[in-house]
Amino acid sequence: MDHPAVIHKTASDLRLPPHWANYEAVRREDVWGMARQALQGLPGGGLNIGFEAVDRHAGGALREHCALRFVARDQPALELSYGELARLSNRFANVLQGLGIGKGDRLFVLAGRLPALYVAVLGALKNGTVVTPLFSAFGPEPIATRIALGAGQVLVTTEALYQRKVRQIRERLPTLRHVILVAEDDGDTDQPGTLDWARLMASASEQFSTVPTQADDPALLHFTSGTTGTPKGALHVHGAVVTHYATGRYALDLHAQDRFWCTADPGWVTGTSYGIIAPLLHGVTSLIDREEFDAERWYSLLEQERISVWYTAPTAIRMLMKAPVELAQRHRWPALRFVASVGEPLNPQAVWWGQQVLGLPIHDNWWQTETGGIMIANTPAFDIKPGSMGRPLPGIEACIVEHLEAEGEPPRVRVIETPDVEGELALKRGWPSMFRGYLNNEARYQKCFAGELYLTGDLARVDADGYYWFVGRADDVIKSAGHLIGPFEVESVLMEHPAVAEAGVIGKPDALLGELVKAFVSLKDGQVASEPLRLDILAHARKRLGAAVAPKEIAFLPTLPRTRSGKIMRRLLKARELGLPEGDTSTLEGGA
Ligand code: ATP
Ligand code: MG
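Residues numbered from 1 in each chain as written. Chains lettered and ligands numbered in written order. Predicted model: local features only at pLDDT ≥ 70, side-chain atom pairs only at ≥ 80, totals over all residues. Heavy atoms only, no water.

**Quick look at the layout of surface pockets**
- The volume enclosed by the second largest pocket comes to roughly 1,200 Å³.
- Forming the boundary of the second largest pocket are 47 residues, of which Gln368, Thr456, Gly457, Asp458 and Asp475 lie nearest the centre.
- Going through the elements one at a time, α10 (269-281), β14 (362-366), β21 (453-462) and β22 (468-473) are the ones with two or more residues in the lining of the second largest pocket.
- The dominant element in the lining of the second largest pocket, judged by the number of residues it contributes, is β21, at five residues.
- Each residue belonging to the lining of the second largest pocket can be placed in one class, and the counts come to 17 nonpolar, 16 polar and 14 charged. (1 Å grid on protein atoms, 1.4 Å probe; cavity = no way out; pocket = protein on both sides within 12 Å on 5 of 7 lines; lining within 4 Å. Points joined across faces, edges and corners; volume = space filled by probe spheres on them. Helix = DSSP H or I, 4+ residues; strand = E, 2+ residues; numbered from the N terminus. Nonpolar A, V, L, I, M, F, W, Y, C, P; charged D, E, K, R; others polar.)

Laid out in structure tokens, this is it:
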């Protein structure tokens, strides 16, 4: 079906007056200064993410307001108010102090989406201790590598995860002084060489004064998703809280009465910046679902939990699109007013699916582990061009650059002023949540900057209206018969075919073309792979893209390899196709 190129917003699309409606005017304002003003700062000066997220509200009108609401399949829901979260995080900060863990020390958390994870992260932040949440599905090796690289001194995990994954690597982690175990069932834990969470928490005081951190003090260490290679450790500072606040306002449009659901796991940056910090900064109630993806469950949660703002990812949206539409038709979401997505390019088809099935278009936004917060976004009051990731948020200056030398060091680039020309997406450095280093890799960090510009490694173009269009990762772009082909464009066209659920496109070395375009597709539920179907998809792609850009080869796969944060791993599709080593697969979903 042909869709118009723009979704125009009118007042009737907005259930609440959005925080901004005049793009140019708000971008002229000092939004970082305003966001900093909205925050409190520490009593004696300084800035601390944990204090702003929790204590600022716990001392005021939101003391009894639900901050986090945990739901699970077979257990009653558990709610923590802002006041309770403040007391619990104080206790945990005192636990850390008691263990001699202070400012600048490093804590890792390896747990499912349990209350203890959130308490540990917030308590550690208030203690000035640098936090890294890890995916609980990681196997022993990725856990060991990350704790070793980050020189972790404390680990909070569950008894079960400890037994399955940590005990055998413990000896290899000499920096790890303390392991604190959370019981799965409210009881005590009892493992040699470990401490018990419940016991420590019970004997710790509820009173704690946040350690005076400054905006430049380290707060969080996040590992990248490992989509293009070995994950990098990106270091973030407490000052990032200014971006978390501003983006919660301008990109997610959080209002006090919202019930917010960010589906990302805290094991990657979205689940921390927007699964923990930003919603708390805005005093809203966040839903935390302890279960994994399930289409029926997710539709029900949106309905029963009366979610008003939903932040999810293309991979989840594609899975919902893959499920039978009747599942969705059993539900109504009158409370839902804004849906956003991040992590991968959002195919136009997915934006329209939102409009048709949820009754709301999906708003794509773009950022990276390195940027610490949303940088480019589609937001409530502005028109959407499906397929575009939106426009730079207030405070963010973006541009498209070309490299003046292929491999220069430091890199030298030129800004491309003409609209619609592809190049590398760059940001003017200096936004508050910009990462401050790659752990143990200063050279790599320096290579990300050309003078005042941070180079993102993503290729994009910007149109005359200032909307940014993702082309592909610099590493994934295909050079075929003199054309530069972005995988996203080809994948989006394949997704238009009614049988296709998802697509991953790679360049395959070819004597004649340099590279030929090869597509891997997985089909929607109920569709069966066949030669006529393959030819039909090929024909559709040729008609839409022309013979030079359309895939020459299409292969069916039951599912595409993806990272635990939900990104299609094109480098793995390529390695498998060419019989090459698979490289770092520590973040591969379903991997060890
Ligand atoms: P690694 O750096 O280890 O290869 P990664 O880049 O996937 O992993 P993240 O920081 O989690 O790690 O992901 C950021 C990247 O995800 C961006 O650089 C971009 O390539 C992609 N991305 C995020 N949001 C979008 C979006 N809205 N549209 C297109 N791509 C996106
Ligand atoms: Mg990256």
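Read on, since the account is not over.
**Some points on the packing of aromatic side chains**
- Taken as a whole and judged by the stated rule, the model has 23 aromatic pairs.
- Residues Phe470 and Phe488 carry aromatic rings whose centres are separated by 6.3 Å and whose planes lie at 65 degrees to one another, so their mutual orientation is edge-to-face. Residue Phe470 is located in strand β22, and its partner Phe488 is located in helix α16 (residues 487-496); the two are separated by 18 residues in the primary sequence. The pair formed by Phe470 and Phe488 is uniform in burial state, with each residue classed as buried.
- Site record: aromatic cluster; members linked through ring pairs are Trp431, Phe435, Tyr438, Tyr445, Phe449 and Tyr454.
- Sitting over the ring of Phe449, Arg429 keeps its end group 4.3 Å from the ring centre.
- Directly above the ring of Tyr438 sits Arg444, whose terminal nitrogen or CZ lies 5.9 Å from the centroid. (Phe/Tyr/Trp six-rings, centres within 6.5 Å; stacked < 30°, edge-to-face > 60°. Buried < 20%, exposed > 50% of the residue type's maximum accessible area, 1.4 Å probe, protein only. Lys NZ or Arg CZ within 6 Å of the ring centre and 35° of its normal.)

**Remarks on the packing of helix α3 (residues 49-58) against α10**
- At a closest axis distance of 8 Å, the pairing of α3 and α10 adopts a crossing angle of 50 degrees. Compared by their axis directions, α3 and α10 come out oblique. Crossing geometry of α3 relative to α10 is assigned as left-handed. Facing α3, whose interface residues are Ile49, Glu52, Ala53, Val54, Arg56 and His57, α10 presents Ile277, Leu280 and Leu281.
- Class assignment of the residues belonging to the contact of α3 with α10 gives a composition of six nonpolar, one polar and two charged. (Axes fitted to C-alpha atoms, helices over the stretch in contact; angles between N-to-C directions. Parallel < 35°, antiparallel > 145°, perpendicular 65-115°, else oblique. Left-handed = near helix turned anticlockwise from the far one by under 90°. Contact = heavy atoms within 4.5 Å.)

**Section: the site of ligand 1**
- Neighbouring ligand 1 are 23 residues, the closest being Thr224, Thr227, Thr228, Asn365 and Thr369.
- At 2.4 Å from an oxygen atom of ligand 1 is found a side-chain nitrogen or oxygen belonging to Thr227.
- In this structure, a nitrogen atom belonging to ligand 1 sits 3.4 Å away from a main-chain N or O atom of Pro345.
- Surface burial for ligand 1 is 98%, taken as the share of its 620 Å² of free accessible area covered by protein chains.
- Counting residues per element, the ones that place at least two in the shell around ligand 1 are β14 and β22.
- Top element by residues in the shell around ligand 1 is β14. It accounts for three residues.
- Taken together, the residues of the shell around ligand 1 break down into seven nonpolar, nine polar and seven charged. (Near = heavy atom within 4 Å. Polar contact = N/O pair within 3.5 Å; in protein donor to acceptor, adjacent residues only side chain to side chain. Areas by Shrake-Rupley, 256 points an atom, 1.4 Å probe, with all protein chains shown as cover.)

**Examining the pattern of salt bridges**
- According to the stated counting rule, one finds 36 salt bridges in the structure shown.
- Notably, a salt bridge pairs Arg91 with Glu206, separated by 2.9 Å at the nearest N-O pair. Pair noted here: Arg91 is in helix α4 (residues 82-98) and Glu206 is in the loop between α8 (197-202) and β8 (218-223), with a separation of 115 residues, a long-range link.
- Ionic pairing is found between Lys508 and Glu553, a salt bridge with its closest N-O pair at 3.1 Å. With Lys508 in strand β25 (residues 500-510) and Glu553 in strand β27 (residues 553-556), this residue pair connects regions lying 45 residues apart in the sequence.
- Accessibility expressed as a relative area gives 19% for Lys508, which makes it buried.
- For Glu553, a relative accessible area of 24% corresponds to the partly exposed category.
- Look at the salt bridges and you will find they share partners, linking Arg318, Glu344, Glu502, Arg562 and Glu589 into a network. (Salt bridge = Lys/Arg side-chain N within 4 Å of Asp/Glu carboxyl O.)

**Notes on empty space enclosed by the protein**
- Using the criterion set out here, one finds five cavities of 30 Å³ or more in the structure.
- Quantified by volume, the largest cavity comes out at close to 100 Å³.
- By residue number, the principal contributor to the lining of the largest cavity is strand β4 (residues 130-134), which donates three residues.
- Classifying every residue of the lining of the largest cavity gives six nonpolar, eight polar and two charged.
- Summarising the domain contributions, the lining of the largest cavity has at least three residues from each of domain 1 (38-460) and domain 2 (478-578). (Domains from an automatic or database assignment.)

**So, the nonpolar core**
- Residues Phe92, Trp197, Leu280 and Tyr311 are the most contacted members of the largest nonpolar core, which totals 126 residues.
- For this core, the element with the most residues is helix α5 (residues 115-126), which contributes nine residues.
- Apart from the residues lying within four places of it in its own chain, the contact partners of Trp197 are Phe92, Ala116, Val119, Ala120, Val156, Ile180, Leu181 and Val182.
- Ala295, Tyr299, Trp352 and Leu360 belong to the second-largest nonpolar core, a separate cluster that totals 32 residues. (Core = buried A, V, L, I, M, F, W, Y, C linked by side-chain atoms within 4.5 Å.)

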